[in-house]
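In case you want the letters, here they are:
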Amino acid sequence: MTNIELSELIYPSLSHTADEYEAMYPARDLPAGAKVTRLGPSPTGFIHLGNLYGAFVDERLAHQSGGVFFLRIEDTDDKRYVENAVETIITSLEFFDIKFDEGATLSGDIGDYGDYTQSNRGDIYQAFAKKLLAEGLAYPCFLTEDEITAVREEQDKQKLTPGIYAGWSKYREWDTDDALVSEVESRIKAGEPFVIRLRSKGTPNLSAEDTSRHTVVDAIRGELSVPDNFQDIVIIKQTGIPTYHFAHVVDDHLMRTTHVVRGEEWLPSLPIHVELFEDLGWELPIYCHTAQLMKIGEDGNKRKLSKRKDPELSLDFYRNEGYHPAAVREYLLTILNSNYEEWRMENPDADINDFEFTTEKMSSSGALFDLDKLNDVSKNTLLHIDAAELAAWLKSWSDEFAPEYAYVFKDMDHLAEILDLGRHDARPRADLVYARQIMDFISYFFDESFKIEDEYPAEASADAAEILKAYLASYDHSDDNEQWFGKIRDIATDLGYAAKPKDYKKNPDDYKGHVGHVSTVIRIAIMGRSQSPDVWAIQQILGESKVRERLEAACK
Ligand code: GLU
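None of the values given here were measured: they were computed from a predicted structure. (Residues numbered from 1 in each chain as written. Predicted model: local features only at pLDDT ≥ 70, side-chain atom pairs only at ≥ 80, totals over all residues. Heavy atoms only, no water.)

Trainee: Let's hear about the side chain of E59: which residues, and what values?
Mentor: Tracing the chain through its elements places E59 in helix α3 (residues 49–64). By relative accessible area, which is 6% here, E59 ends up buried. In this structure E59 touches Q64, F69 and I98, once residues within four positions along its chain are discounted. (Helix = DSSP H or I, 4+ residues; strand = E, 2+ residues; numbered from the N terminus. Buried < 20%, exposed > 50% of the residue type's maximum accessible area, 1.4 Å probe, protein only. Contact = heavy atoms within 4.5 Å.)

Trainee: Describe the pattern of salt bridges, naming the residues involved and giving the relevant values.
Mentor: Here the structure, examined in full by the defined rule, presents 43 salt bridges. In this structure, E192 engages R187 in a salt bridge whose closest nitrogen and oxygen atoms are separated by 3.5 Å. A relative accessible area of 33% means that E192 is categorised as partly exposed. Between E278 and K201 there is a salt bridge, with its nearest N and O atoms 3.9 Å apart. In this pair, E278 sits in helix α9 (residues 270–279) while K201 sits in the loop between β6 (195–198) and β7 (213–218), placing the two residues 77 residues apart along the sequence. Judged by its relative accessible area of 46%, K201 falls in the partly exposed class. (Salt bridge = Lys/Arg side-chain N within 4 Å of Asp/Glu carboxyl O.)

Trainee: Give a description of the packing of aromatic side chains that names residues and reports values.
Mentor: Within the structure shown, the criterion is met by 24 aromatic pairs. A ring pair is formed by F95 and F96, whose centres lie 5.0 Å apart and whose planes are at 85 degrees; its orientation type is edge-to-face. Through pairs of rings, three or more aromatic residues link up here, namely F317, Y318, Y323, Y331, F369 and Y434. Sitting over the face of the ring of F95, R319 holds its NZ or CZ atom 4.9 Å from the ring centroid. (Phe/Tyr/Trp six-rings, centres within 6.5 Å; stacked < 30°, edge-to-face > 60°. Lys NZ or Arg CZ within 6 Å of the ring centre and 35° of its normal.)

Take a look at the structure:
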């Protein structure tokens with residue numbers, strides 16, 4: 001039996017040959033320099049910050065160069081498949097303004113390089129496995145799990161690299177021995193289970209100096225020196241489904257991907273991919289192995305973000321808390337490109353997409369994720385969003401994630417006024433961070449959520465009722481800020497408080513407290529808290545009757 005006969009025996013009736021597939025998916029007609037990138041998530045139902053981080057790189061590379069960014073669903077690991085996961089992937093990324101030009105969508109595939117779901121590409125993988133079999137570059141392997149365990153144990157004993165490679169699977173040399181040829185033939189005919197392995201050309205267990213190496217371009221890490229692979233890795237599993245390695249090589253070639261952006265956890269398998277591309281006679285894509293997302297752990301050391309410990313790893317977290325997608329994008333760019341913050345400082349009002357993103361400015365040694373920094377970035381981003389627009393966005397968030405806040409959205413103009421409070425001052429107030437925090441921050445404007453949260457300052461608590469009565473009696477809603485504060489100062493001095501904090505500090509025995517203590521009593525009566533934006537401005541938004549109502553309630 002020749003290699004070709006073996007390939008026919010295994011795959012007698014495929015719909016197309018490898019050459020036909022090559023012709024069906026020709027090189028893309030794109031301008032010079034246009035990059036083709038893809039996101040290849042597994043539909044596990046958990047879409048995380050790492051996916052978004054990678055997707056962002058893909059999206060920028062493609063769209064900055066007039067190229068194509070597509071979505072491929074990598075569902076070859078059927079154990080991990082979760083219902084509706086594809087929908088979650090697409091809608092979560094869309095929320096962060098990551099849009100695909102091509103690939104899987106909720107209403108089927110778009111584009112000429114599909115199918116874009118790996119589980120529908122079985123025939124394609126098999127056609128290329130058949131080609132490798134026919135060329136003697138792959139073989140069927142019948143080793144059972146027990147036999148493989150025995151190989152591992154023996155290798156362990158001999159202190160050899162574990163795995164199936166030259167000398168460890170007799171089926172690798174099936175064509176050198178007549179008895180083996182008939183065994184393989186009859187087993188295939190009997191329908192016994194087997195995997196297809198690469199027949200690696202690498203020499204096993206050489207010293208580091210003797211191993212030959214390939215130079216591979218990584219756009220983030222520079223030139224990588226990649227050692228020869230020598231493992232006969234599985235390319236097609238017993239189920240007929242390809243492994244990640246094989247699917248990656250076949251798909252990224254046929255879909256004409258120019259830049260493969262993926263996590264650095266794939267670096268160790270790069271030798272395998274280099275050999276597969278070479279065996280199939282294809283050019284390597286440019287790899288972009290992104291650094292792991294890290295955070296400073298409880299012990300002060302850097303560690304990987306973990307699904308179990310860090311809710312902020314899940315993209316759902318940001319949608320649920322109501323982070324504005326523009327803020328998350330802005331923050332991701334600060335960790336993706338080291339020169340981004342400087343650019344933003346020089347171009348505070350520029351569109352984020354005007355920044356020229358480059359892989360060279362990406363860190364190769366762990367990108368540090370910090371929620372506090374995200375919050376800082378978010379405060380600034382929200383300052384640049386018009387109040388009415390922000391109000392509309394908050395409403396859409398509440399409709400989806402927090403309907404309990406529906407009362408906030410009864411009067412959208414009023415809400416916009418509340419959100420705009422202090423944002424146009426000489427030093428704008430940056431109080432707003434994310435939707436849930438904003439709901440809390442503005443809660444005192446609404447009777448449904450208003451409550452007294454803080455206690456009157458000790459210096460003035462005994463006089464609280466008297467202060468509030470005097471304030472109510474003198475209250476004139478049309479007073480300007482200066483007249484208004486003048487009245488508070490008068491109340492303070494009448495009741496024995498210093499008109500200025502520094503007078504009180506100098507002679508504490510002469511006063512009960514100072515004007516700040518008096519105004520805090522008023523602030524708490526109206527807002528329920530001792531810290532807030534300007535009281536006069538808040539009163540103007542609340543309206544006269546509500547101010548009076550709250551003061552009267554507090555006097556009782
Ligand atoms: N399905 C792979 C993963 O989820 C994708 C890796 C790649 O982008 O090549 O890790």
